Amino acid sequence: MSDHNISGLNLAAAMVNLPTGKPLTAAEASPILRAAGGAPVIVLAGAAGSGKTTLLASLHDSFQRGPFANYLAAGSQTLVGFEERCFDSRFASGLDAPLTQRTTVEEGQLIYHLRLRDLDLRGPLRNLLLADMSGEHYERAIDSAAEAATLETIVKRADAFVHLIDAAKLTDSETRAHTRSNASMLMRRFFELGFFSSDSRIDILLTKWDIVLARGGLDLCKQVEASAATFFESQCAKRVGRFRLTPVAARPHYKSPLPLGYGVDGLLRSWVDDQVRQLAVYRRRILLSPTVRPFERFALCEAKEMFEVMS
Ligand SMILES: Nc1nc2c(ncn2[C@@H]2O[C@H](COP(=O)(O)OP(=O)(O)OP(=O)(O)O)[C@@H](O)[C@H]2O)c(=O)[nH]1
Ligand SMILES: [Mg+2]
């Protein structure tokens, strides 16, 4: 904005930069990451329409109704963004079945912020950052290693890499093979590019579980879960620090017996409670010389687990 001087007052200097409440860019999220205690970064990835934005919207909606996963909402720097994303997907919008606006590739990585507090108000305030990666990014990353490489920073930085797979498509013979092979190709590509390491945490979410339940009851649910477990566990489980497969229904159809945010509460709890990866204690022992000085004797006696005697 150009400087205007009215009665000697510099308006530009007097302007206050108010937060917009929109999703954050990586640079805008950085002060939250640097704040005391840091903030876990949860990266949501999945094909277009797999339910990433709906998952975010359901978190926001659940907190509008009251405590969720034993947390209370204690603020957010991206409330406007949450509201915008929620609008179409709410039952209150009058649609028979929920519909969420598509996230476009031009929007880049949209980062949403949640500040939470334990229900008993004992613990400190906890921040959480959730990055919504557009489905177009996902497809481009499968098609080209160069495109996948542009996601290196965010995927490596993730405290949990959350891969959403549309489970309704896994129940349909026309879409099953394609959905599965795309999901598997993305994981393979990220492993090949070295995005995951032995302390990475991967969550595979089987989304739209209400549809699976409606199509084939509990038997089909068991079958879809078991077959996805066999398929992905062999590819991922042994190569990372934690691998989980969780059926979720972020926003079930209103006729479904499943509640809003089915399966999401447990995940949210662990995303917030698990230690931020970059703050994890690096367990390396301190080498002590074999000379027996009083300090070494003291150290070996008082904190044996921290020291190692040089051979
Ligand atoms: N029945 C049902 N539909 C869901 C559920 N979660 C998402 N959907 C629907 O699936 C469609 C796609 O969901 P989105 O959240 O927009 O998917 P996305 O992964 O963000 O897609 P892109 O932004 O295109 O990458 C929407 O019409 C949602 O209403 C669910 O748990 N149950
Ligand atoms: Mg989206």
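Since we're looking at a predicted model, the values are computed, not measured.

Asks: Lay out the nonpolar core in plain terms, naming residues and giving numbers.
Replies: One finds Ile42, Val43, Leu44, Leu128, Leu129 and Val162 to be the most contacted residues of the largest nonpolar core, which totals 67 residues. With 6 residues, helix H10 (residues 209-236) is the largest single contributor of residues to this core. Setting aside chain neighbours within four positions, we find Val162 in contact with Ile42, Val43, Leu44, Ala45, Asp203 and Leu205.

Asks: Kindly report on the packing of helix H5 (residues 135-143) against helix H9 (residues 176-192), identifying the contributing residues and their values.
Replies: Following both chains from N to C, one finds H5 and H9 inclined at 70°, their axes separated by 9 Å at the closest point. As the angle between them shows, H5 and H9 are arranged roughly perpendicular. In the packing of H5 onto H9, the handedness of the crossing is left-handed. In this structure, H5 contributes Tyr138, Ala141 and Ile142 to the contact, and H9 contributes Asn182, Met185, Leu186 and Arg189. Taken together, the residues that form the contact of H5 with H9 break down as 5 nonpolar, 1 polar and 1 charged.

Asks: So what's going on with the sheet that holds strand S8 (residues 201-207)? Which residues, and what values?
Replies: If you walk across this open sheet you meet the 7 strands as S4-S5-S6-S3-S7-S8-S9, and the pairing is mixed. The sheet terminates laterally at strand S4 (71-73) and strand S9 (242-247), the two strands that pair on one side only. Direction aside, neighbouring strands of the sheet carry axes that sit 30° apart on average. Where strand S3 (residues 41-46) meets strand S7 (residues 160-166), 5 bridges bridge the pair, whose relative direction is parallel. What sits directly across from Ile42, in S7, is Ala160. Strand contacts of helix H11 (residues 264-273): S3, strand S5 (110-118), strand S6 (126-132), S7, S8 and S9, with the helix running at about 115° to S6, the strand carrying the most contacts.

Asks: Run through unusual backbone geometry, naming residues and quoting values.
Replies: Despite not being glycine, Asn70 has its phi angle at roughly 65°, a positive value. Inspection of the secondary structure assignment puts Asn70 in the loop between helix H3 (52-65) and S4. Not every positive phi belongs to a glycine, and Lys208 is a case in point at roughly 60°. Tracing the chain through its elements places Lys208 in the loop between S8 and H10. On the basis of neighbour counts, which here come to 29 C-beta atoms within 10 Å, the residue Lys208 falls in the buried class.

About the thresholds
- Residues numbered from 1 in each chain as written.
- Chains lettered and ligands numbered in written order.
- Predicted model: local features only at pLDDT ≥ 70, side-chain atom pairs only at ≥ 80, totals over all residues.
- Core = buried A, V, L, I, M, F, W, Y, C linked by C-beta atoms within 7 Å.
- Buried ≥ 20, exposed ≤ 12 C-beta atoms within 10 Å, placed from the backbone.
- Helix = DSSP H or I, 4+ residues; strand = E, 2+ residues; numbered from the N terminus.
- Contact = placed C-beta atoms within 7 Å.
- Axes fitted to C-alpha atoms, helices over the stretch in contact; angles between N-to-C directions.
- Parallel < 35°, antiparallel > 145°, perpendicular 65-115°, else oblique.
- Left-handed = near helix turned anticlockwise from the far one by under 90°.
- Nonpolar A, V, L, I, M, F, W, Y, C, P; charged D, E, K, R; others polar.
- Pairing = 2+ DSSP bridges.

Nothing here speaks to function; it is all geometry.
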